[in-house]
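# Overview (structure and organization)
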Amino acid sequence: RIFMNVTPDNVDMAELKDEILDLDHVHGISNFHTHSIDGVSNVFSATLFVDTKDGEEIEDIKDQVRLILLGYNIVNTTIEVVPDLKKIVKSKRL
């Protein structure tokens with residue numbers, strides 16, 4: 001089986017997005033992707049829009065996202081966080 005940019009069967013993207021949007025300070029997500037490396041381990045990338053520019057809070061948000069991702073066998077993450085204090089970017093739930 002070839003795994004080129006295939007969303008893993010065991011990852012419910014709508015559920016994952018909702019879990020991340022439920023985190024404090026997170027109000028938007030873009031470039032939201034996950035794909036399988038080998039049919040078991042998965043890779044994730046996303047840009048999160050948050051209502052804080054506090055460095056410690058941003059690191060806490062990233063840590064919380066990584067904990068959520070562990071439940072999806074996601075072993076490699078790229079998480080970009082963009083302070084959006086005016087909440088210009090808002091994501092709809094899937």
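Relevant structure appears above.
Residues numbered from 1 in each chain as written. Predicted model: local features only at pLDDT ≥ 70, side-chain atom pairs only at ≥ 80, totals over all residues. Heavy atoms only, no water.

### Regarding the sheet that holds strand 3 (residues 74-83)
Basically, it comes down to this: In short, DSSP must find at least two bridges between two strands for them to pair. We count a stretch as a helix when DSSP gives it H or I for four or more residues in a row; a strand needs E for two or more, and each element gets its number in order from the N terminus. Only the stretch in contact is used when a helix axis is fitted, and all axes are lines through C-alpha atoms; the angle between N-to-C directions ranges over 0 to 180 degrees. Here, residues are in contact when the closest pair of their heavy atoms is within 4.5 Å.
Read from one edge to the other, the open sheet built from three strands follows the order 1-2-3, with strand pairing classed as mixed. Because the sheet does not close on itself, it has two edges, and the strands there are strand 1 (26-36) and strand 3. Here the strands of the sheet are splayed against their neighbours by 15 degrees on average, with no regard to which way each runs. The strands touched by helix 2 (residues 55-70) within the sheet are strand 1, strand 2 (42-50) and strand 3, with strand 3 carrying the most contacts at an inclination of about 150 degrees.

### Brief notes about the side chain of Thr47
Quick note on the threshold: The buried label applies to any residue whose accessible area, calculated with a 1.4 Å probe on protein chains only, is under 20% of its type's maximum; exposed applies above 50%, and partly exposed to all values in between. For this analysis, a polar contact is any N or O atom pair within 3.5 Å, provided that within protein one partner can donate a hydrogen and the other can accept it, and provided that sequence-adjacent residues contribute only side-chain to side-chain pairs.
Relative to the assigned elements, Thr47 resides in strand 2. Thr47 gets classed as buried once you look at its relative accessible area, which sits at 6%. Here the side chain of Thr47 touches Glu80 through a polar contact of 3.2 Å, side chain to side chain. For Thr47, the contacting residues outside a window of four places in its chain are Gly28, Ile29, Ser30, Asn31, Glu80 and Val82.

### Here's the deal with the pattern of salt bridges
The condition is simple: In what follows, salt bridge is the name for a side-chain nitrogen of Lys or Arg lying within 4 Å of a carboxyl oxygen of Asp or Glu.
Per the counting criterion, the structure on display carries three salt bridges. When the shortest N-O distance is used, the salt bridge between Lys87 and Asp51 registers 3.6 Å. One end of the pair, Lys87, is in the segment after strand 3; the other, Asp51, is in the loop between strand 2 and helix 2, and 36 residues separate them in sequence. Classification of Lys87 by relative accessible area gives partly exposed; the value is 36%. Here Arg66 makes a salt bridge to Asp63, at a shortest N to O gap of 3.3 Å. With Arg66 and Asp63 both in helix 2 and three residues apart, the pair spans about one turn of that helix. You can call Arg66 partly exposed: its relative accessible area is 34%.

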